[in-house]
Amino acid sequence: AASRLLHVERSWDLPRLLAFMLQESDNMMAESFVREIGRRRSGVGSTPAGLAAIDEVITQQLCLPREGVNDDGSGVSHYSRHSARYWRRLLDVARAQPWGASFDAGLAVSGQSGTMKTRLTSAVAAGRVRAKTGTVRGGRALTRGFVNRKTHDLALVRQVEEWTPPNAQLLAFGLTLTLQHYAD
């Protein structure tokens, strides 16, 4: 018997998927992208294959030295380690790429969108920080972002090893002070 098509569901295009992943900090989507990168690069749709392909691009095309350890595609693993300096260099290089503006546009905005919608909502901070945030249950947090200024942007990279209420409050306080200091 012949089969018949019942329904077709079209996916969002890649830029929209990436923007959603960045703004909402969607770890499952990040893992899926890493496996797909591995499949396209080596024919093996696995996290190690995807991470190897990403490391190759970072070291060979973006010309950054290999540093730290990647254990997964989402940053959730406690075994993934990179310094704040590394993230800063990677963000600076990424922003200088032809796709840098698209990357920036995909980041959550303080007080407005994604994981930053309820963060940094004061008059001095709202709308001025584009960031990728992340938390690991019982572990660490990483915030990377850019403060929009008239003359140039200020890159912020903060890592907190213990994501406890006092450290979270200290991080928010530090970011707010930085924003006030660099206010236009």
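The model shown is predicted, which means the values in this text are computed figures rather than measured ones.

**Student:** Please set out the packing of helix α2 (residues 27-42) against helix α3 (residues 47-61) residue by residue, giving values where relevant.
**Tutor:** Closest axis-to-axis distance for the α2/α3 pair is 7 Å, and the angle between their directions is 75 degrees. It follows that α2 is roughly perpendicular to α3 by the angle criterion. Within the contact between the two elements, α2 uses E31, V34, R35, I37, G38, R41 and S42 and α3 uses T47, A49, G50, L51, A53, I54 and E56. A per-class count over the contact of α2 with α3 returns 6 nonpolar, 4 polar and 4 charged.

**Student:** So what's going on with the pattern of salt bridges? Residues and values would help.
**Tutor:** Inspection of the entire model under this criterion finds 7 salt bridges. Here E36 makes a salt bridge to R39, at a shortest N to O gap of 2.6 Å. You can see E36 and its partner R39 sitting in helix α2, 3 residues apart, about one turn around the helix. Between E36 and R40 there is a salt bridge, with the nearest N and O atoms lying 2.7 Å from each other. Of this pair, E36 and R40 both sit in helix α2, separated by 4 residues, roughly a single helical turn. Through salt bridges that share partners, E36, R39 and R40 make up one connected network.

**Student:** How would you sum up the nonpolar core? Please name residues and give values.
**Tutor:** What tends to happen in soluble globular proteins is that the nonpolar side chains get buried as a cluster. With 7 residues, the main nonpolar core is built from L17, M21, L22, M29, A30, F33 and L107. Broken down by secondary-structure element, the contributors of at least two residues to this core are α1 (14-24) and α2.

**Student:** I'd love a proper account of α1, names of residues and values included.
**Tutor:** Among the residues making up α1, those that are buried are L17, M21 and L22. The buried residues of α1 occupy an angular sector of 130 degrees when projected down its axis, which confines them to one face. The opening residue of α1 is D13, an N-cap whose side-chain oxygen sits 3.1 Å from the backbone nitrogen of R16.

**Student:** Quick one: what's the story with α3, residue by residue and with numbers?
**Tutor:** Helix length check: α3 (15 residues) gives 20 Å between terminal C-alpha atoms against 21 Å at 1.5 Å per residue, within 8%. Turning to α3, its buried residues number three or more, namely T47, A49, G50, L51, A53, D55 and I58. On its buried face, α3 sits against α2 and α4 (84-95). Among the residues trailing α3, C63 stands out with phi positive, at a value near 60 degrees.

Calculation criteria
Residues numbered from 1 in each chain as written. Predicted model: local features only at pLDDT ≥ 70, side-chain atom pairs only at ≥ 80, totals over all residues. Heavy atoms only, no water. Axes fitted to C-alpha atoms, helices over the stretch in contact; angles between N-to-C directions. Helix = DSSP H or I, 4+ residues; strand = E, 2+ residues; numbered from the N terminus. Parallel < 35°, antiparallel > 145°, perpendicular 65-115°, else oblique. Contact = heavy atoms within 4.5 Å. Nonpolar A, V, L, I, M, F, W, Y, C, P; charged D, E, K, R; others polar. Salt bridge = Lys/Arg side-chain N within 4 Å of Asp/Glu carboxyl O. Core = buried A, V, L, I, M, F, W, Y, C linked by side-chain atoms within 4.5 Å. Buried < 20%, exposed > 50% of the residue type's maximum accessible area, 1.4 Å probe, protein only. Arc of directions from axis to C-beta. Polar contact = N/O pair within 3.5 Å; in protein donor to acceptor, adjacent residues only side chain to side chain. Expected span 1.5 Å × (residues − 1).

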